[in-house]
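# Understanding the architecture of this molecule
What follows is each chain in one-letter form.
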Amino acid sequence: MEIAATIAEFRQARGRLGRLGFVPTMGFLHEGHLSLVRRAREECGAVAASIFVNPTQFGPSEDFSRYPRDMERDLALLRAAGCDLVFTPGVAEMYPPGSLTAVEVTTVTDTLEGAVRPGHFRGVATVVAKLFNIVQPSCAYFGQKDAQQCVVIRRMVRDLDMPLEVIVCPTVREVDGLAMSSRNVYLQPDERQAATALSRALDAAAALYKAGERDAGRLRQAMRDVLAAEPLAGIEYVSVADPELLSELETVSAGALLSLAVRLGRTRLIDNIPLPG
Ligand code: PAF
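Throughout what follows, the structure given in this document is the object of discussion. Please read all numbers here as calculations on a predicted model, not as lab measurements. Going along each chain's sequence as written, the residues are numbered from 1 onward. A pLDDT threshold of at least 70 governs which residues receive local features in this predicted model, and a stricter bar of 80 or more applies before side-chain atom pairs are shown or counted, although totals over entire chains, interfaces and linings include all residues. In computing side-chain values, all of the structure's heavy atoms are included and hydrogens and water are not.

## Some details on the pairing of strand β6 (residues 165–169)
Pairing between two strands requires that DSSP report at least two bridges joining them. Secondary structure counts use DSSP, requiring at least four H or I residues in a row for a helix and at least two E residues in a row for a strand, with both numbered from the N terminus. Sheet topology places strand β5 (residues 139–143) next to β6; five bridges connect them, and they run parallel. When the bridges of β6 are listed, tyrosine 141 appears paired with isoleucine 167. Orienting the strands away from the viewer, one traces the path from the first strand over the helix to the second; a clockwise path indicates a right-handed crossover. In this fold, the crossover linking β5 to β6 by way of helix α7 (residues 147–159) has right-handed handedness.

Structure (structure tokens):
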């Protein structure tokens, strides 16, 4: 596995590979990331990953400085998963002084995470566009866990005619249902136990849908009821939204996106389930 910390080094190594699958990450890898690497390997042959904690997608009061980092462990995991090439730039390499350009995807960034994290998706779209330009992948792999990020990136790729396919892979969960996330490491033991409320809330709403309920308000209430029963959980939002526009629905139809954001102590967690289409 080759490791490149500069754009020039990366481009040189990339030139020796043909069709390439790409897994962009902010490091502190877990099974969710590794499942993307393995899928990319199966589908594309060669795989590149990036490890870059992107400062522009964190708000001023968010966890950029304490975001977990462990480069040696990440590189060992990527090597074991069959990654061929890893891009590990520093902030100055990605954002040299004087950069004036950003990528802004509108409308689908107004709701959900976009509403509570102003500027977040501008940071995500900009860094992902830069990474796509550097890596030149045929396919890029993202986890369903960050559902709105997937919608935003698909839109950007479509609207800017980027020559690659965006592939969204299922959320990988712990045995008790908690969606894997690098931020789970922040959870205190009691918060870790309480965190199962997120997937339980989604499951409760999905079960109502399966039983025939089509009123989106009732599905939202079912999620709120499960979360309210967990004293440590502070609800930020619960949503039943159109899967492409991310606008709230009144009546649920196949493929609708159930999602939520919850605070447990100092940690903010998100999760979602797309209803069967
Ligand atoms: O999902 C992430 O880890 C990040 O948002 C991404 C896509 C690597 C951009 O920094």
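## Quick notes on the site of the ligand
Around the ligand, the surrounding shell consists of Pro24, Thr25, Met26, Asn54, Gln57, Val127, Val128, Phe142, Asp146 and Gln149. N or O atoms within 3.5 Å of each other form a polar contact, as long as, within protein, one can give a hydrogen and the other can take it, and as long as residues adjacent in sequence are counted only when both atoms are side-chain atoms. A distance of 2.6 Å is found between an oxygen atom of the ligand and a side-chain nitrogen or oxygen belonging to glutamine 57. When the ligand is considered free in solution it has 290 Å² of accessible area, and contact with the protein chains removes 89% of it. Counting only elements with at least two residues in the shell around the ligand, the list comes to β2 (20–25) and α6 (120–135). Looking at the shell around the ligand, its residues break down into five nonpolar, four polar and one charged. We call a residue near a molecule or strand when any one of its heavy atoms sits within 4 Å of it. Note on areas: Shrake-Rupley, 1.4 Å probe, and residue coverage restricted to the protein chains presented here. Charged residues are taken to be Asp, Glu, Lys and Arg, nonpolar residues to be Ala, Val, Leu, Ile, Met, Phe, Trp, Tyr, Cys and Pro, and polar residues to be all remaining types, Gly included.

## Points about the sheet that holds strand β7 (residues 233–241)
Strand pairing within a sheet occurs via backbone hydrogen bonds; the two strands may be parallel or antiparallel. With antiparallel pairing, the three strands of this open sheet are ordered in space as β7-β8-β9. Looking along the sheet, the strands with just one partner apiece sit at the ends: β7 and β9 (267–274). On average, each strand axis in the sheet is inclined to that of its neighbour by 15 degrees, with strand direction left out of account. Residues count as neighbours in contact if any of their non-hydrogen atoms are within 4.5 Å of one another. Only the stretch in contact is used when fitting a helix axis, every axis being a line fitted to C-alpha atoms; angles between N-to-C directions are given from 0 to 180 degrees. Lying on the sheet, helix α10 (residues 216–228) is in contact with β7 and β8 (257–264); it crosses β7 at an angle near 160 degrees.

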